[in-house]
Amino acid sequence: MHEGEWIRAAVTGASGFIGRRLMAALGPEAVAVPREDLSALAGADVVFHLAALTVVGDAEDDVLAARQGNVTLTERVLTAARESAVRRVVVSSTDMVHGPDAPVPTPEDAPLRPEGAYAGTKAAAEHMALGWPTPPEAIVVRLSNVYGPGDPHTSRLVPGVVADVVAGRAPTIRGDGRAGRDLLYVDDAVAALLAAARDGVPGEAYNAGTGISTTVREVVDLAVELAGGGAPPEVLGQAPPAEGGRRAVDATKLRDQTGWAPQVDLREGLTRTIAAERAASAA
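In this text the structure is predicted, and so the values were computed from the model without any measurement.

1. Some details on the overall build of the protein chain
Logical step 1: Along its length, the protein chain carries 9 helices and 12 strands.
Logical step 2: The C-alpha atoms of the protein chain give a radius of gyration of 18 Å, which matches the 19 Å a tight globule of 283 residues would have.
Logical step 3: Taking the principal axes of its C-alpha atoms as reference, the protein chain extends roughly 55 × 40 × 35 Å.
Logical step 4: Evaluated residue by residue, the protein chain yields a buried proportion of 49% over its 283 residues.
Logical step 5: By element, 51% of the accessible surface of the protein chain is carried by carbon and sulfur atoms, the whole surface being about 12400 Å².
Logical step 6: Measuring between centres, the 26 positive side-chain charges of the protein chain sit 1 Å from its 37 negative side-chain charges.

2. Thoughts on a negative patch on the surface
Logical step 1: On the surface, D58, E60, D61 and D62 cluster together into a patch of negative charge.
Logical step 2: Within the secondary structure layout, D58 lies in helix α2 (residues 56-61).
Logical step 3: When its relative accessible area of 42% is taken as the criterion, D58 is described as partly exposed.

3. Observations concerning the packing of aromatic side chains
The geometry of two aromatic rings is summed up by the distance between their centres and the angle between their planes.
Logical step 1: Applying the stated criterion across every chain yields a total of 1 aromatic pair.
Logical step 2: Taken together, a centroid distance of 5.6 Å and an interplanar angle of 70° make the contact between Y147 and Y185 edge-to-face. Here Y185 lies in strand β9 (residues 183-185) and Y147 lies in strand β6 (residues 145-147), a separation of 38 residues in the sequence.
Logical step 3: When the ring centre of Y206 is taken as origin, the NZ or CZ atom of K253, which lies over that ring, is 4.9 Å away.

4. Observations regarding the environment of A10
Logical step 1: Within the secondary structure, A10 sits in strand β1 (residues 9-12).
Logical step 2: For A10, a relative accessible area of 0% translates into the label buried.
Logical step 3: When the C-alpha positions of A10 and L41 are compared, they lie 6.4 Å apart, and in sequence the two are 31 residues distant.
Logical step 4: Residues contacting A10, with those up to four places away along its chain left out, are V31, V33, L41, A44, V46, V47 and F48.

5. Observations concerning the environment of P100
Logical step 1: Mapped onto the elements, P100 comes out in the loop between β4 (88-94) and α4 (117-130).
Logical step 2: Here the alpha-carbon distance between P100 and G245, two residues 145 residues apart in the chain, equals 6.2 Å.

Here is what the cut-offs are and how they apply
- Just so you know, the residues in each chain are numbered from 1, in the order the chain's sequence is written.
- Where totals are concerned, whole chains, interfaces and linings use all residues; where local detail is concerned, this predicted model gives features only for residues with pLDDT of at least 70, and gives and counts side-chain atom pairs only at 80 or more.
- Computation of side-chain values covers all heavy atoms of the structure but excludes hydrogens and water.
- Each helix is a run of H or I in the DSSP string that is no shorter than four residues. Each strand is a run of E no shorter than two, and both are numbered from the N terminus.
- Based on C-alpha atoms, the radius of gyration is set beside the globule rule, defined as 2.2 Å times the residue count to the power 0.38.
- Working definition: with a 1.4 Å probe on protein chains only, accessible area under 20% of the residue-type maximum means buried, over 50% means exposed, and in between means partly exposed.
- Each accessible area value is a Shrake-Rupley result obtained with a 1.4 Å probe; residue values ignore everything except the protein chains displayed when judging cover.
- All tallies of charge rest on Lys and Arg as positive and Asp and Glu as negative; His and the ends of each chain are not included.
- Note on charges: their place is set at NZ of Lys, CZ of Arg, CG of Asp or CD of Glu.
- Note on patches: the residues involved have over 30% relative accessible area and no salt bridge, like charges join within 9 Å, and the nonpolar side chains Val, Leu, Ile, Met, Phe, Trp and Tyr join within 5 Å.
- The rule for a salt bridge is simple: a side-chain nitrogen of Lys or Arg has to be within 4 Å of a carboxyl oxygen of Asp or Glu.
- Stacked, tilted and edge-to-face are the three classes applied to pairs of Phe, Tyr and Trp rings, where Trp contributes its six-membered ring and a pair requires centres within 6.5 Å; stacked means planes under 30 degrees apart, edge-to-face means over 60, and tilted covers the rest.
- Each ring is checked for a lysine NZ or an arginine CZ that lies within 6 Å of its centre and within 35 degrees of its normal; such an atom marks a charge sitting over the ring.
- Contact between two residues is taken to exist if any of their heavy atoms lie within 4.5 Å; hydrogens are not considered.

What follows is the structure in structure tokens.
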């Protein structure tokens, strides 16, 4: 499937952080699909399934909500896509499905050993999608930690740190700062989803990330520098288990099969994010 063949694209989770950028990239013909009424899938050629319970802490606090938001909703989308003769569904997933002990960077064929309600339900959604009878063709894209302007969830690393440094507060590090994350700018994440939809192989899972595991402390220090200085971070020394360890993904398969590669490095991405936060604070 190639871009020129798309007559209609539909997006679940279109009002979310990544969904809004994806809708803008797809253009005015794209349809936002509310989870309450999946009949909007009718006539779509490709569906990007982004709707989910996306905050890790919320999933751990409410396992039932995690199952409903990540597993049951995915089943409903796949069923509605089949009934509506949709050709392809791209399911957004997470690098956390591999668990905390995965090799770094992690290839797609590493075993899925999720820990916790969030990672576990995302892994279950993956298995369902990749085993779903065609049509529709299903493709999974495992995104690393996506960041950028417009993320409202300040419990996450980058929006939280950026909100602090722009406001002149000392950023907080919940752990010891040594945990590592593969930080992918939101526009690169959108490009990965589009690349998988156009040129990905049905039934395959693809990683999308930079392959670089940047420590929390490095992210915080860079944000402080780019913001023009400020109070040193407060290191609390404790963090939830899901926030420990090092993570990064090997995106060689997506690059080789589609030509995708991240275009925005962390310095540039944080610069843009800080500028957007300052503009929003001044508005």
